[in-house]
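Each chain, written out:
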Amino acid sequence: MCFFHLGQCFWRKVQGSGLASQYGNDEEFSLLLRHICALAFLPPDEITKAFDILKQHLPQQTKDVADWFQNNYIHGRIRRHLRDGTVVRASPLFPPTVWTVYDSIKQGIPRTQNVVEAWHRRWECLIGRAHVGFYRLITEFQKEQQQVNIQAECILRGEPTTKPKKSLIDRENRIMTLIKSHGTGTVMEYLRGIAHNLSF
């Protein structure tokens, strides 16, 4: 799961919980909610403990979102309560190792799959329908290969590629600075810094 899809699922839950209006009007409230997605910028072995700390700081009206995140992304759903007070949980549907982007960012790997999805949408437009014949498929693959060859030649000639906006570059630099300083402050300070750089 890429960070983009984690953010989409998170935003749908915020909307489904009736918190979208407050999220849009109350900056401190939305910042606290974004702390949940900021967990993805921690190493996977630190996420569970950080979530437990974060949950204590979240406002009461976010309980539905926090419980949903806990059940699906952190601890898993409660299976049963034992007599000694212990809670038995199933494995989370999406464990932290699946959605953390900490290692990806440190290695310079994009934290989303948007490039692949954009190509897939483009391919769907080229083909135009779900079921195509074998020869049509071969023809479209050949056209796509010609397009790739042209793009490769442009790169070899040194033609400039489209640059991301300065605001996006600045945001990525701030996130990278925070990741490099990870461990120098408290978990809540780190999550707050990341949350300031996220938007949904």
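Notes on the structure in this doc start here.

All right, on to the overall build of the protein then. Of regular secondary structure, the protein possesses eleven helices and two strands. Each helix and strand of the protein, ordered N terminal to C terminal, gives the series α-α-α-α-α-β-β-α-α-α-α-α-α. A buried classification covers 32% of the 200 residues belonging to the protein. Partitioning the contacts of the protein with sequence separation of at least 6, the portion at a separation of at least 24 is 60%. A total of about 12800 Å² of accessible surface is found on the protein, and carbon and sulfur atoms cover 55% of it.

Let us look at the pattern of salt bridges. As enumerated under the stated definition, the model contains ten salt bridges in all. Overlapping salt bridges bring together Lys 55, Lys 63 and Asp 67 as one network.

Right, let's talk about the environment of Ala 38 for a bit. The topology assignment puts Ala 38 in helix 3 (residues 27-38). Separated by 153 residues in sequence, Ala 38 and Leu 191 place their C-alpha atoms 5.6 Å apart. Excluding residues within four positions of it along the chain, Ala 38 makes contact with Leu 191, Ile 194, Ala 195 and Leu 198.

The subject of this paragraph is the pairing of strand 1 (residues 78-81). For strand 1 and strand 2 (residues 87-89), the ladder comprises three bridges, and the chain directions are antiparallel. Residue Arg 80 lies in a different strand from strand 2, and its bridge partner there is Val 88. In this antiparallel pair of consecutive strands, strand 1 and strand 2, the connection spans five residues, and Gly 85 shows a positive phi of 95°.

Moving on, we get to the environment of Thr 100. Inspection of the secondary structure assignment puts Thr 100 in the loop between helix 6 (96-99) and helix 7 (102-106). In this structure, the C-alpha to C-alpha distance between Thr 100 and Pro 44, residues 56 residues apart in sequence, is 6.1 Å. Excluding residues within four positions of it along the chain, Thr 100 makes contact with Ala 40, Leu 42, Pro 43, Pro 44 and Ile 47. A polar side-chain atom of Thr 100 sits 3.1 Å from the main-chain carbonyl oxygen of Ala 40. Reaching out from Thr 100, the side chain makes a polar contact with the backbone oxygen of Leu 42 at a distance of 2.6 Å.

Below, the discussion takes up helix 9 (residues 134-157). The end-to-end C-alpha distance of helix 9, which contains 24 residues, comes to 35 Å, matching closely the 34 Å that a straight helix rising 1.5 Å per residue would cover. Gly 158, located one to two residues past helix 9, shows a positive phi value of around 85°.

Moving on, we get to helix 11 (residues 187-196). Think of an α-helix as turning once every 3.6 residues; residues three or four places apart then point the same way. Along helix 11, the residues classified as buried are Met 188, Tyr 190, Leu 191, Gly 193, Ile 194 and Ala 195. As for helix 11, its buried residues are in contact with helix 3, helix 4 (44-55), helix 7 and helix 10 (166-180).

Basis of the calculations
- Residues numbered from 1 in each chain as written.
- Predicted model: local features only at pLDDT ≥ 70, side-chain atom pairs only at ≥ 80, totals over all residues.
- Heavy atoms only, no water.
- Helix = DSSP H or I, 4+ residues; strand = E, 2+ residues; numbered from the N terminus.
- Buried < 20%, exposed > 50% of the residue type's maximum accessible area, 1.4 Å probe, protein only.
- Contact = heavy atoms within 4.5 Å.
- Areas by Shrake-Rupley, 256 points an atom, 1.4 Å probe, with all protein chains shown as cover.
- Salt bridge = Lys/Arg side-chain N within 4 Å of Asp/Glu carboxyl O.
- Pairing = 2+ DSSP bridges.
- Polar contact = N/O pair within 3.5 Å; in protein donor to acceptor, adjacent residues only side chain to side chain.
- Expected span 1.5 Å × (residues − 1).

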